[in-house]
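The primary structure of each chain is shown beneath.
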Amino acid sequence: MLATNHEIDIPGALFCSLADARRATDALFNIVRPDSLYERPIPERHRIIFYIGHLEAFDRNLFQGRLFSLPDSSPQLDRLFAFGIDPVGGGLPTDQPSDWPSLGEVRKYVQGVRHEIDEGLRKLGQGISTGGGEFSPVLLLNVAIEHRLMHAETLAYMLHRLPYDRKIAPANIPNSLAGDRASGMVVIPSGAATLGLSRSDDAFGWDNEYERHTVEVPSFAIDRYKTSNAEYLEFLDSGGYANRKLWSDADWAWKESNGISHPAFWEKPDNGAEWFWKGMFAAIPLPLDWPVYVSHAEANAYARWAGKSLPTEAQWQRAAYGAPDGQSRQYPWGAKSSDATRGNFDFLNWDPVSVAAHPAGASAFGVEDILGNGWEWTSTVFAPFQGFEPFSFYRGYSADFFDGKHFVIKGASARTAACMLRPSFRNWFQAHYQYVYAGFRCVSNQLA
Ligand SMILES: [Fe+2]
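Residues numbered from 1 in each chain as written. Predicted model: local features only at pLDDT ≥ 70, side-chain atom pairs only at ≥ 80, totals over all residues. Heavy atoms only, no water.

Student: In this structure, what is going on with the pattern of salt bridges? I would like to understand it.
Tutor: A side chain with one charge can pair with a side chain of the opposite charge if their charged atoms come near. Evaluated as defined, the whole model comprises 23 salt bridges. Across the pair Arg422 and Glu209 runs a salt bridge whose closest N-O atoms are separated by 2.9 Å. Of the two residues, Arg422 sits in the loop between β9 (406-410) and β10 (427-430) while Glu209 sits in the loop between β2 (191-195) and β3 (213-217), which places them 213 residues apart along the sequence. A relative accessible area of 0% places Glu209 in the buried class. The structure contains a network of salt bridges with shared partners spanning Asp26, Glu56, Asp59, Arg114 and Arg148. (Salt bridge = Lys/Arg side-chain N within 4 Å of Asp/Glu carboxyl O. Helix = DSSP H or I, 4+ residues; strand = E, 2+ residues; numbered from the N terminus. Buried < 20%, exposed > 50% of the residue type's maximum accessible area, 1.4 Å probe, protein only.)

Student: Would you take a moment to explain the sheet that holds strand β12 (residues 443-444) for this structure?
Tutor: Backbone-to-backbone hydrogen bonds join strands into a sheet, with any given pair of strands oriented parallel or antiparallel. Pairing within the open sheet is antiparallel, and its 3 strands lie in the order β1-β4-β12. Two strands close off the open sheet at either side, each with one partner strand: β1 (185-188) and β12. Pairing of β1 with strand β4 (residues 220-223) involves 4 bridges; the strand directions are antiparallel. Counterpart to Ile188 in the pairing with β4 is Phe220. Sheet strands in contact with helix α9 (residues 313-321) are β1, β4 and β12, and its direction is about 75 degrees off that of β4. (Pairing = 2+ DSSP bridges. Contact = heavy atoms within 4.5 Å. Axes fitted to C-alpha atoms, helices over the stretch in contact; angles between N-to-C directions.)

Student: Can you help me understand the packing of helix α1 (residues 12-29) against helix α2 (residues 48-63) in this one?
Tutor: When two helices pack together, their arrangement is given by the angle between the helix axes and the distance between those axes. Close contact between α1 and α2 brings their axes to 11 Å; oriented N to C, the two are set at 170 degrees. Regarding the angle of α1 to α2, the classification is roughly antiparallel. Only Ile48, Tyr51, Ile52, Leu55, Glu56 and Asp59 of α2 make contact with α1, whose side of the interface consists of Leu18, Arg22, Thr25 and Phe29. The class makeup of the residues in the contact of α1 with α2 is 6 nonpolar, 1 polar and 3 charged. (Parallel < 35°, antiparallel > 145°, perpendicular 65-115°, else oblique. Nonpolar A, V, L, I, M, F, W, Y, C, P; charged D, E, K, R; others polar.)

None of this, on its own, says anything about what the molecule does.
Following this line, the structure appears as structure tokens:
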């Protein structure tokens, strides 16, 4: 894992990936009108301007002293842009736009840091020591690339909440895909689910992905597709949001105190009768065959109403990657690498498509729409696997969230980069966070 400077061999593909990731986040900020970059579209998060500086500050703070030594040009900005926020139970930020540096200053900081990092990496690639050198460049570069790509996704959630007149829609917004839908649930026979990543694997993974292990899962049935807007509408129309019995104490208290009566991605414009989908760039009549996006609390209430449950992480993993022959697959569909026929991921779309649009992405057991088109909530509280060790250079990445208040989500959304489609990748959010591109499917543990 560790290397010294004279042993350094950085694959060229990693430099390309870093450049691609920078292009992805630059393009994302370009969909915001420049006069709206100091907005805060989600109350629990920083203003947009923070993230422009954060992506560079993160890379700089990560590489500094570990890969190389960089000049101390803007220590104040390095600190200001160091950390994002995820307040649990109140404590919303109160800063004002005037508390932040000007856009010109932030852009200059970004350019300067990129230049310094690129110079450092270039010299490193040539075996020229510039100080540091204690850590594996491959590991740290992967951390920087995936950190940036994860922000490319979470920033999309944030910009989704920005009013349409503050955004600039790209010229080519892809068309929505429809699909022919089978129905019902798929029975998954009892067997092992393989979770996690082995330290002997030659692949990058975050600290929470280790260690690889198997879990025996009794047979269960799982929905073939994610829960659609049409199905969720039945729950809503039947009074699901007003039925106390369907909600846990904490979820009910949250729903009541925030006046929540429908998914955050739905609205009734001008108090009309019909539901609309709040898309990234326009509101459209609610597409009934798209997956519903809701919080964990709302997903759980629906599952109770339907007489089912949310899957555990191990159940989801077995349905997605398990196979009748007992093998664990690299992708739900097998070993072939991902492409647009397999699912709605890797920045191809801004919004979901039909839950039945990608039959070629089905798992060995016939479960569809597994990767892409929206993450899926599980009932599993985010916790370390046995053998977990935090990265010494980023101790809080996962460990700060082992608080019993975050739940594992699996799969991917339309804005998830292809490199994160690996089976061991885990994501997590608070039960009451409504803005994730996450839906769910249910399981039934009582087989007839
Ligand atoms: Fe970050």
